[in-house]
Amino acid sequence: MPFFYQSGEQIKRGDRVRLHGEPGEIEFVADPAGDPSDWFVKEYGGGVMIAEPKVFGSLFINAPVSQYEDLEFVSRGS
């Protein structure tokens, strides 16, 4: 079950994003369909971890990620 931004792009590790208007990066995607045995998936369910050090440090957003209005896709990371 991939996760998507409101703009329609699939969320991937390393993506550059804006969270509440501040720059950030997708640290990892916790996808229950990809690896249901992953400890993070077991503990927190599906979602994405965003590194946004200026304001939050890191923030985990769980499903449904596509409804999180303050997360904007900027570009793909390298």
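Structure shown above.
Computed from a predicted model, the values in this text were never measured in an experiment.

Some points on the nonpolar core
Grouped together as the largest cluster of nonpolar side chains are 11 residues: Phe 3, Tyr 5, Ile 11, Val 17, Leu 19, Ile 26, Val 48, Ile 50, Ile 61, Val 65 and Leu 71. Those elements giving two or more residues to this core turn out to be β1 (16–19) and β3 (47–52). Ala 30, Phe 40, Val 41 and Phe 60 belong to the second largest nonpolar core, which has 5 residues in total.

Observations regarding the packing of aromatic side chains
Inspection of every chain in the model, using the stated rule, returns 1 aromatic pair. With a centroid separation of 5.1 Å and 45° between ring planes, the pair formed by Tyr 5 and Phe 73 is classed as tilted. Remark: Phe 73 occurs in strand β5 (residues 71–75) and Tyr 5 occurs in the segment before β1; sequence separation between them is 68 residues.

Describing the sheet that holds strand β2 (residues 22–30)
Within the open sheet, the 5 strands sit side by side as β4-β3-β2-β1-β5. Their pairing is antiparallel. Whereas interior strands pair on both sides, the edge strands pair on one side only; in this sheet they are β4 (57–62) and β5. Each strand of the sheet is rotated relative to its neighbour by a mean of 35°, with strand direction disregarded. As defined by bridge partners, β1 adjoins β2 across 4 bridges and the pair is classed as antiparallel.

As for the environment of Glu 9
Inspection of the secondary structure puts Glu 9 in the segment before β1. Accessibility expressed as a relative area gives 28% for Glu 9, which makes it partly exposed. With 52 residues separating them along the chain, Glu 9 and Ile 61 place their C-alpha atoms 17 Å apart. In contact with Glu 9, not counting residues within four places along its chain, are Phe 3, Phe 4, Phe 73 and Arg 76. Only 2.2 Å separates the side chain of Glu 9 from the side chain of Ser 7, close enough to count as a polar contact.

About the criteria used
Residues numbered from 1 in each chain as written. Predicted model: local features only at pLDDT ≥ 70, side-chain atom pairs only at ≥ 80, totals over all residues. Heavy atoms only, no water. Core = buried A, V, L, I, M, F, W, Y, C linked by side-chain atoms within 4.5 Å. Buried < 20%, exposed > 50% of the residue type's maximum accessible area, 1.4 Å probe, protein only. Helix = DSSP H or I, 4+ residues; strand = E, 2+ residues; numbered from the N terminus. Phe/Tyr/Trp six-rings, centres within 6.5 Å; stacked < 30°, edge-to-face > 60°. Pairing = 2+ DSSP bridges. Axes fitted to C-alpha atoms, helices over the stretch in contact; angles between N-to-C directions. Contact = heavy atoms within 4.5 Å. Polar contact = N/O pair within 3.5 Å; in protein donor to acceptor, adjacent residues only side chain to side chain.

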